[in-house]
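Take a look at the letters that make up each chain.
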Amino acid sequence: MQSRLSRRSFVRSAGIGVGVAATGLTSAVVAAVPPVARRAPGLPDAASITATDPAMLSAVEAASLLQARELHPVELLDACIERSSAFDGATRAWVRTYPELAHEQAERAADRLSAGNAPLICGLPIAVKDMYAVAGLPLTASSRILDGNIAAGDSTVWRRLRDNGAVLMGHVHNDEFAIMTDTLQVGNPWKIDESVGGSSGGSAAALAARFAPLSIGTDTGGSLRIPASRCGISAIKPTFGRCSKYGIIPVVWTRDHPGPLGRSIADASLLLSYMTGPDAFDPVTAIAPPVPEGGFPIVAVGGDNPLAGTRLGVPRGVIEMLPDALVTMFGRFLDLFTALGGETRDVTMPAEPEGLLSNDAVEVGLYHRQWADRLLSYQPPTAAIVGLGLAALASPAIDWWQLARARASYQRDYNRMLEDSRLDAVVLPGAITDGLPRSTAAAVSILGASTVPFSWANYTGVPVLSLPVDRSAVTGLPFGVQLGGRPWAEAELISIGLELQAAAPVWRDLPPLSPSARALPEVSVCAPGPGPDPTNTGAAAPSFSFVPTTSTAPI
């Protein structure tokens, strides 16, 4: 298929799509292109990009070709749909796809690109976690409880992406109501019988399988970071309040973080720039500092020592919790960091206050009490957590407020740790097991996430990057790390990640996914639900909220 707007085309012939998708990229035959409209600011030179299938492009590569008008948005969309149809029979990442709507959006994106002033995200297909409302489309949280539910409006994050020309491919699976840290209905593209993690497992699997160049998810207790590590992709959990939660089905209102996933940190950073901004429906967003002019960084500076002067804290005891294969990969990551000029220091992470999970249970119960008479309709593990939440509603109010105070103190303890050790970030593993078979994966709730090093970032509300660092010599499965920084310091953290990925671009590795055809479930837009909340459920957040701070003052 030749691009409608292009001076050159991708080499595509009968049968080549599946063959290339299974084996990876090959060099394209590229015709000479006049040196005009070749490079949008921050994007790679269009002439330097080679691929045989547009679905193989990273988001920044696809954006470069779209901006240069050498790739049509419909061609990119069709390539992603074709690859999904050919391979999603095993992964089953998609809950629903919206081809009619997506093609309409792709055509509109083409018009904007033709005008020459389109946003960098314009024309890029996106997979959306089944927790984000899109007006007139089903929203089910991957649960039978919401069968037949139609969103009454748009979530703020999706509205911003749509208004900037993003193309909605469909909703992808998460664990039921995003409560568990796994997504057992989705297969890992690296090994289908392995866990993808969760709860944003479908978002990560769709990226790793090259079904879409971008996706969005949420993180309440590691729900972006766990699947990013297990699927070998990148993610950003922004500071709490950087992205609006309005129109997203809640898990725990004061811990939920909407965030972007991409194959690389550059991809995720590009997406994050269009997800942010103040929203009257989520007042915490009003205190967020503005996004840097031109958006968050997407290009590494490079050079011999690009991380000179950067200090990374390694929490004591973190290595001891890992199996040998992960210890080796974690050590290689630290070696790479120091080779680029960085310095590592041992630190002690502050202890999370006891009882915080009780507060989380109250919030779970507060949302799910609207279905208190339908507990048997939930999956058994979810029903147990919802039941715990309903019981927690009887807790004295003073307990909630005392624990909220303890959480505020904990955040300041974390800030003080960074300041006292003069750290730019801390690093923790993205998983503590070398793979996890779906058949034996324990159903771990976000309320039990304290058993793994993830909830620290949700309680402090700080930004965290997830970076793939290597694949295990034992299982062949990916392993990633978490880089956590200061509140609102996404740009500085992203700059570190860009340098690390420029030096070791393991994010480009392609899973050995075998063809497995599937007739994708297709849905058309219909009349929106009655609302008033965009999710068409009782999701309106209480007036109180956690608020991030950079303060180090003790409480």
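### What to know about helix α9 (residues 324-339)
The end-to-end C-alpha distance of α9 is 22 Å, a good match for the 22 Å that 16 residues give at a rise of 1.5 Å each. If you check which residues of α9 are buried, you get Ala325, Leu326, Met329, Phe330, Phe333, Leu334 and Phe337. Glycine 341 sits one or two residues past α9 and shows a positive phi near 105°.

### Let's talk about the pairing of strand β11 (residues 478-484)
Summarising burial for β11: seven of the seven residues are buried, a large majority. Taking every second residue as pointing to the same face, both faces of β11 are buried, with Pro478, Gly480, Gln482 and Gly484 on one and Phe479, Val481 and Leu483 on the other. In this sheet, β11 lies alongside strand β9 (residues 425-429) in antiparallel orientation, the contact comprising four bridges. Residue pairing in the sheet places leucine 428 in a bridge with glutamine 482 of β11.

### Things to note about unusual backbone geometry
Cis geometry marks the peptide bond from glycine 198 to serine 199; its omega dihedral reads 15°. Considering the arrangement of structural elements, one finds serine 199 in the loop between β3 (167-172) and α6 (201-208). Cis geometry marks the peptide bond from glycine 531 to proline 532; its omega dihedral reads 10°. Here proline 532 lies in the segment after α14 (490-503). A positive phi angle is found at alanine 141, which is not glycine, with a value near 50°.

### A word on the confidence of the model for the chain
Do not read the predicted coordinates in detail wherever pLDDT is low. Taken over all residues, the pLDDT of the chain has a mean of 91, while the share at 70 or more is 91%. The low-confidence segment residues 1-38, where pLDDT is below 50, has 86 contacts with residues more than four positions distant or belonging to other chains.

### Side note on helix α5 (residues 156-163)
For α5, the full list of buried residues reads Thr156, Val157, Trp158, Arg160 and Leu161. Of the surrounding elements, those touching the buried residues of α5 are α4 (99-115), β2 (125-129), β3, β4 (214-219), β6 (257-262) and α8 (265-273). Where α5 terminates, the next one or two residues include glycine 165, which has phi positive at roughly 95°.

Cut-offs and rules
- Numbers given to residues run from 1 along each chain, matching the order in which its sequence is written.
- A pLDDT threshold of at least 70 governs which residues receive local features in this predicted model, and a stricter bar of 80 or more applies before side-chain atom pairs are shown or counted, although totals over entire chains, interfaces and linings include all residues.
- Heavy atoms throughout the structure, all of them, feed into the side-chain values; hydrogens and water do not.
- Helix and strand definitions follow DSSP, with helices as H or I runs of at least four residues and strands as E runs of at least two, each counted in order from the N terminus.
- Take the residue count of a helix, subtract one, and multiply by 1.5 Å to get its expected span.
- Think of it in three bands: with a 1.4 Å probe and only protein chains considered, a residue is buried below 20% of the maximum accessible area for its type, exposed above 50%, and partly exposed in between.
- Two strands are said to pair when DSSP picks up at least two bridges between them.
- Per-residue confidence from the predictor is reported as pLDDT, which spans 0 to 100.
- Contacts between residues were defined by any pair of non-hydrogen atoms, one from each residue, lying within 4.5 Å.

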